[in-house]
Amino acid sequence: MSAYKSDFLQTLANRGFIQQISEPEALDALAAKGPITAYIGFDCTAASLHVGSLLPIMMLYWMQQTGHRPIALMGGGTTRVGDPSGKDESRRILTDETIAANLAGIRTVFTKFLKFGDGPTDALMANNADWLNTLNYIDFLRDVGRHFSVNRMLSFDSVKLRLERQQELSFLEFNYMILQAYDFVELHKRNGCVLQMGGSDQWGNIVNGIDLGRRMMNAQLFALTSPLITTSSGAKMGKTAAGAVWLDATLVSPYEYWQYWRNTEDGDVARFLKLFTVLPLGEIERLAALKGQDINEAKKVLATEATALVHGRAAADNAAETARRTFEQGETSLTLPSVDVPRKDVAAGLGVLNAFVTAGLAASNGEVRRAIANNAVAVNDARITSDKHTIGEADITPDGVIKLSLGKKQHVLLRPR
RNA sequence: GGGAGAGUGUCCCGAGCGGCAAAGGGGGCGGACUGUAAAUCCGCUGGCUAUGCCUUCGUAGGUUCGAGUCCUACCUCUCCCA
């Protein structure tokens with residue numbers, strides 16, 4: 001691991017965020033001298049960000065922590081045209097209202113990691129719709145387009161692969177890299193931004209921006225990419241049966257979020273602690289040294305720290321405590337996720353199938369039936385073997401709840417009201 | 001404008017002689033083993049008021065006792081020619 005003079009690069013390097021830097025020495029010197037401004041682009045096709053976006057957010061976080069100014073760029077303008085790369089569904093074009101709503105949702109996530117404001121190291125949130133929407137095609141071609149060599153654009157991997165595989169590449173998509181390059185230059189012009197960060201797949205696009213900056217304004221700009229994060233077994237991060245692991249508490253509860261991190265594979269624990277928590281490196285080293293069963297301690301720390309960043313310390317501790325009671329003491333913790341249900345329905349006798357579907361543990365009655373056949377269903381920790389089983393008032397525990405379990409890890413409390 | 005192909009289970013990829021709720025993967029979920037891990041093995045992976053009924057193979061029609069499969073038109077995409 002090379003030694004950097006700036007806290008910023010040294011921190012990122014130590015924690016495993018760096019894959020590639022365009023001109024490491026020059027950037028290092030600049031960052032050591034004073035605050036620099038950098039940005040990362042996020043698209044806003046969904047109302048929340050998920051775990052996959054966490055890595056770039058953490059880069060912005062560390063940037064601010066080490067005395068620099070981060071910009072979160074929302075792709076409000078590029079989202080308007082829709083992502084052309086998908087087959088048909090992703091071709092849907094979002095309305096301006098949807099985009100605005102998505103932006104608002106995403107903004108709340110950022111405020112948990114970054115301090116926004118007007119100070120020298122306060123974060124900014126920019127929206128490329130601000131300049132892309134008002135672009136004039138002819139002006140754009142003349143001022144920006146002339147700096148791009150089609151010969152060179154064709155040589156980029158993203159393009160080359162498509163051509164080789166004889167897959168279509170639309171003109172719109174071909175232009176995407178130009179728009180992204182332009183974003184960089186525009187941010188440089190407006191905010192003095194000199195660095196763009198992103199995933200390693202963004203390298204080519206970022207370098208384009210650097211080139212454009214040099215040609216248009218004779219500016220020296222930099223690129224920094226992070227490695228693509230997959231789990232040790234090669235799966236992409238952030239996917240479960242229920243879908244993506246969102247950062248919004250209404251989509252994925254803090255408890256579920258905690259559980260996601262708790263179930264990290266052994267081989268990923270040290271890496272994830274460095275990337276997704278803000279614990280000091282010494283502490284992480286200690287945790288990473290744990291072997292065998294002891295590594296579970298490290299996983300709990302990872303889960304709690306990662307959850308605290310997104311949902312706050314109280315929610316994280318709460319989730320940890322709920323998990324401890326549920327898994328280590330076999331108790332029914334009252335802080336498990338719960339679903340209210342009318343008391344008279346329970347009095348009348350609630351079918352297991354119905355109960356599990358309303359609790360959100362299964363999508364259909366058939367799914368519950370199959371789970372029962374797989375010996376995976378329990379009510380108040382008692383195995384259910386018949387799909388005819390009904391839940392009645394007798395099942396309400398002294399705490400006033402009924403515990404539904406699907407498998408060993410998924411629990412939901414029914415609260416008769 | 002002319003010609004040749006493609007679109008399959010609402011997570012993805014992909015087989016599919018007129019008898020099809022539709023092969024096989026991946027992913028996911030569950031079970032066993034463990035440590036709430038990995039690896040491995042096993043099961044599940046359209047819906048329902050369920051010995052049956054309903055809905056699914058780009059869209060809409062047609063042929064047929066019966067269509068994912070054959071015919072027609074249309075939509076979308078790819079390739080070749082102009």
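Residues numbered from 1 in each chain as written. Chains lettered and ligands numbered in written order. Predicted model: local features only at pLDDT ≥ 70, side-chain atom pairs only at ≥ 80, totals over all residues. Heavy atoms only, no water.

Draft legend 1. Local environment of the overall build of chain A. Scanning chain A from terminus to terminus reveals 19 helices and 15 strands. Relative to its 417 residues, chain A shows a buried fraction of 47%. For chain A, contacts bridging at least 24 residues in sequence account for 71% of all contacts bridging at least 6. Taken as a whole, chain A presents about 20300 Å² of accessible surface, with 51% of it coming from carbon and sulfur. (Helix = DSSP H or I, 4+ residues; strand = E, 2+ residues; numbered from the N terminus. Buried < 20%, exposed > 50% of the residue type's maximum accessible area, 1.4 Å probe, protein only. Contact = heavy atoms within 4.5 Å. Areas by Shrake-Rupley, 256 points an atom, 1.4 Å probe, with all protein chains shown as cover.)

Draft legend 2. A look at a nonpolar patch on the surface. Residues Y137, I138 and L141 make up a contiguous nonpolar surface patch of roughly 330 Å² in combined accessible area. Along the chain, Y137 falls in helix α7 (residues 137-143). (Patch = residues over 30% accessible without salt bridge, like charges linked within 9 Å, V, L, I, M, F, W, Y side chains within 5 Å. Salt bridge = Lys/Arg side-chain N within 4 Å of Asp/Glu carboxyl O.)

Draft legend 3. Region of the structure containing the pattern of salt bridges. The final tally for this structure, using the stated rule, is 19 salt bridges. Residues E328 and K300 are paired through a salt bridge, measuring 2.8 Å at the closest nitrogen-oxygen approach. Taken as a pair, E328 in helix α16 (residues 313-328) and K300 in helix α15 (residues 295-311) lie far apart in primary sequence, 28 residues in all. Through salt bridges with shared partners, one network takes in D139, R142 and D143.

Draft legend 4. A look at unusual backbone geometry. With phi around 65°, N375 is a residue other than glycine that occupies positive phi space. As for its placement among the helices and strands, N375 is situated in the loop between α19 (365-373) and β11 (377-379). For N380, which is not a glycine, the phi torsion comes out positive at approximately 50°. Along the polypeptide, N380 turns up in the loop between β11 and β12 (382-383). In this structure N380 comes out as partly exposed when scored by relative accessible area, which is 25%.

Draft legend 5. Spatial organisation of the packing of aromatic side chains. Going through the model one piece at a time under the given rule, you end up with nine aromatic pairs. Aromatic side chains Y39 and F184 sit 5.5 Å apart centroid to centroid with 65° between the ring planes, which places their arrangement in the edge-to-face category. In this pair, Y39 is assigned in strand β2 (residues 37-42) and F184 in helix α10 (residues 171-191), connecting sequence segments 145 residues apart. The exposure class of F184 is buried, given its relative accessible area of 0%. Consider the rings of W261 and F272, whose centres lie 5.9 Å apart with planes at 85°: the pair is edge-to-face. In this pair, W261 is assigned in helix α12 (residues 254-262) and F272 in helix α13 (residues 269-276), connecting sequence segments eleven residues apart. There is no split in this pair, since W261 and F272 are both buried. (Phe/Tyr/Trp six-rings, centres within 6.5 Å; stacked < 30°, edge-to-face > 60°.)

Draft legend 6. Representation of α16 in the model. An ideal rise of 1.5 Å per residue puts 22 Å on 16 residues; α16 measures up with 21 Å between its terminal C-alpha atoms. What α16 keeps buried is the set A316, A319, A320, T322, A323 and T326. Taken end-on, α16 shows its buried residues confined to a sector of 160°, consistent with a single buried face. The secondary structure elements touched by the buried residues of α16 are α12, α15, β14 (402-406) and β15 (410-416). Just beyond α16, the residue with positive phi is G330, at close to 65°. (Expected span 1.5 Å × (residues − 1). Arc of directions from axis to C-beta.)

Draft legend 7. Quick peek at the packing of α12 against α15. Two numbers describe how α12 lies on α15: the axes approach to 8 Å, and their chain directions differ by 140°. As far as their axial angle goes, α15 and α12 are oblique. In terms of crossing hand, the pair formed by α12 and α15 is right-handed. Facing α12, whose interface residues are P254, Y257, W258, W261 and R262, α15 presents N296, K299, K300, L302, A303, T304, A306, T307, V310 and H311. (Axes fitted to C-alpha atoms, helices over the stretch in contact; angles between N-to-C directions. Parallel < 35°, antiparallel > 145°, perpendicular 65-115°, else oblique. Left-handed = near helix turned anticlockwise from the far one by under 90°.)

Draft legend 8. A look at the nonpolar core. Among the nonpolar cores identified, the biggest contains 71 residues, and F110, L195, M197 and W261 are the most heavily contacted of them. A total of nine residues in this core trace back to one element, the largest contributor, which is helix α3 (residues 54-65). The contacts of L195, once residues within four sequence positions are left out, are F8, L27, I36, T37, A38, Y39, F184, F222, A223 and L224. Counting 26 residues, the second largest nonpolar core, distinct from the first, contains L132, A181, Y182 and I210. (Core = buried A, V, L, I, M, F, W, Y, C linked by side-chain atoms within 4.5 Å.)

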